[in-house]
Amino acid sequence: MARELFTEGSQTVIGMVHCLPLPTTAGFDGDYQKILDQAVLDALTLEKAGVDAVIVENMGDTPFSATLNKAQIAALTAATMEVKNAVNIPVGVDAAFNDCEANIAIASITGASFIRVPVFVDTVLFTDGVIKPCAKQCMDYRKAMGKEDMKVIADVQVKHAHMLLPNISIEQSAIEAASNGADGIIVTGTQMGEETPLDLIKRVKKVVKVPVFAGSGVKAENIKEQLTIADGAIIGSSLKEGGIISNPISYDLVKKVLDALR
């Protein structure tokens, strides 16, 4: 890595490479090559514009399930490998919605250096049912794969889901995530594109010693304010024309966001 991304105060900016719908997904149009081509194009655009790292995610696979099927794993592996070979910045994997074993396996085979785990210590309800925490499964599998240097950044009380036990505070979730091995904590709004409340970032920062990332709603208008508190940002929808996830990454929008920060 050119510099250490997972440190407090690093102002790390990670861009999302949202894959088009993968095979067997309702939105898949039959064009396998287009998935790979757009993933590479988006990653190259993000790198050229100056982000610090990218995460490859199967964001097009709505409706989501908690784990990926074989075809989705194969396609996400291929897309991640293409991206890893195309760019010179760190690459991460997010096998949405919460397939930590697929995440680690894909990252291991492609040489990706970190993963994002949306449901690490919480129990949540989402559109396809209940997802239970996977921290032990994640840490055990990472060790079994011989990849204990692979960074794990974990969401707490993740967007697009509802806590089954709403009385658990964001602080408690963050403390548990850090104590169970997360190398970074992600805090989000309730939906994609919704600004991460500054108060939530502050509250999490007070109780953990790992870097804290703003995981939704970061854009040119608020990135400076967000990263005076958060240690980094994960940015996706605001880098697409019209905020439409299936659109390619816009170089101009990425530059606008980074210029506002730096």
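Everything here concerns the structure above.
All of the points below concern the structure found in this document. (Residues numbered from 1 in each chain as written. Predicted model: local features only at pLDDT ≥ 70, side-chain atom pairs only at ≥ 80, totals over all residues. Heavy atoms only, no water.)

Some remarks on a nonpolar patch on the surface
Together, Leu125, Val130, Leu164 and Leu165 make up an exposed nonpolar region whose accessible area comes to about 340 Å². By the element assignment, Leu164 lies in the loop between β8 (162–163) and α5 (170–179). (Patch = residues over 30% accessible without salt bridge, like charges linked within 9 Å, V, L, I, M, F, W, Y side chains within 5 Å. Areas by Shrake-Rupley, 256 points an atom, 1.4 Å probe, with all protein chains shown as cover. Salt bridge = Lys/Arg side-chain N within 4 Å of Asp/Glu carboxyl O. Helix = DSSP H or I, 4+ residues; strand = E, 2+ residues; numbered from the N terminus.)

What about the nonpolar core?
Residues Leu76, Ile115, Phe120, Cys138 and Ile185 are the most contacted members of the largest nonpolar core, which totals 71 residues. The greatest single-element share of this core, amounting to 6 residues, is contributed by helix α1 (residues 32–49). For Cys138, the residues in contact, after removing those within four places along its chain, are Cys100, Ile104, Ile115, Val117, Phe120 and Val152. Met59, Phe64, Ala96 and Ala161 belong to the second largest nonpolar core, which has 12 residues in total. (Core = buried A, V, L, I, M, F, W, Y, C linked by side-chain atoms within 4.5 Å. Buried < 20%, exposed > 50% of the residue type's maximum accessible area, 1.4 Å probe, protein only. Contact = heavy atoms within 4.5 Å.)

Brief notes about the side chain of Thr196
Relative to the helices and strands, Thr196 is located in the loop between β9 (184–187) and α6 (198–205). At a separation of 3.4 Å, a polar atom in the side chain of Thr196 contacts the main-chain carbonyl oxygen of Val187. Non-local contacts of Thr196, meaning those with residues more than four positions away in its chain, are made with Val187, Thr188, Gly189, Ile201, Ala214, Gly215, Ser216 and Gln226. (Polar contact = N/O pair within 3.5 Å; in protein donor to acceptor, adjacent residues only side chain to side chain.)

Some points on helix α2 (residues 70–86)
In this model, α2 (17 residues) spans 24 Å end to end at C-alpha, consistent with the 24 Å of a helix rising 1.5 Å per residue. Close packing links the buried residues of α2 with α1, β2 (53–57), β3 (91–94) and α3 (100–110). Looking at where α2 begins, the residue whose side-chain oxygen comes 3.1 Å from the main-chain nitrogen of Ala71 is Asn69. (Expected span 1.5 Å × (residues − 1).)

Here's the deal with the packing of α1 against α2
Closest axis-to-axis distance for the α1/α2 pair is 9 Å, and the angle between their directions is 35°. The way α1 lies across α2 gives a crossing that is right-handed. Where α1 approaches α2, its residues Leu36, Ala39, Val40, Ala43, Leu44 and Glu47 are matched on the opposing element by Ala75, Ala78, Ala79, Glu82, Val83 and Ala86. Residue composition of the contact of α1 with α2, grouped by class: 10 nonpolar, no polar and 2 charged. (Axes fitted to C-alpha atoms, helices over the stretch in contact; angles between N-to-C directions. Left-handed = near helix turned anticlockwise from the far one by under 90°. Nonpolar A, V, L, I, M, F, W, Y, C, P; charged D, E, K, R; others polar.)

A few points about helix α4 (residues 135–144)
Owing to its 3.6 residues per turn, the α-helix aligns residues three or four sequence positions apart on the same side. Listing the buried residues of α4 in full gives Ala135, Cys138, Met139 and Arg142. The arc that holds every buried residue of α4, seen down its axis, measures 90°, which confines them to one face. Opposite the buried face of α4, by more than 90 degrees, sit the exposed residues Lys136 and Ala144. Immediately downstream of α4, the backbone of Gly146 shows phi near 70°, a positive value. (Arc of directions from axis to C-beta.)

Side note on the side chain of Asn222
Take Asn222: it is sitting in the loop between β10 (212–214) and α7 (223–226). On the basis of relative accessible area, Asn222 is assigned to the buried category, the value being 4%.

Description of the sheet that holds strand β5 (residues 124–126)
A sheet is described by the order of its strands in space; here 3 strands give the open sequence β6-β5-β8, paired in antiparallel fashion. The open sheet is flanked by β6 (129–131) and β8, the only strands paired with a single partner. (Pairing = 2+ DSSP bridges.)

Points about the packing of aromatic side chains
By the definition in use, this model includes 5 aromatic pairs. On the numbers, 5.3 Å between centres and 65° between planes, the contact of Phe6 with Phe114 is edge-to-face. Of the two residues, Phe6 sits in the segment before β1 (12–18) while Phe114 sits in strand β4 (residues 114–117), which places them 108 residues apart along the sequence. Among the aromatic residues, those joined into a ring-pair cluster are Phe6, Phe114 and Phe213. Positioned above the aromatic ring of Tyr251, the side-chain terminus of Lys48 is 5.3 Å from the ring centre. (Phe/Tyr/Trp six-rings, centres within 6.5 Å; stacked < 30°, edge-to-face > 60°. Lys NZ or Arg CZ within 6 Å of the ring centre and 35° of its normal.)

Some words on the pattern of salt bridges
As a working rule, side chains carrying opposite charge can pair if their charged atoms are close by. One pass over the structure, following the stated rule, counts 12 salt bridges. A salt bridge links Asp140 to Lys136, with the shortest nitrogen-to-oxygen separation between them at 2.7 Å. Placement of both Asp140 and Lys136 in helix α4 is noted, with a separation of 4 residues, approximately one turn of the helix. Given the relative accessible area of 61%, Lys136 is considered exposed. Asp183 is paired through a salt bridge with Arg142; the nearest N and O atoms lie 3.6 Å apart. Here the residue Asp183 occupies a position in the loop between α5 and β9, and Arg142 occupies one in helix α4, the gap between them amounting to 41 residues. Judged by its relative accessible area of 22%, Asp183 falls in the partly exposed class. Three or more residues joined by partner-sharing salt bridges are found here, namely Glu8, Lys205 and Asp231.

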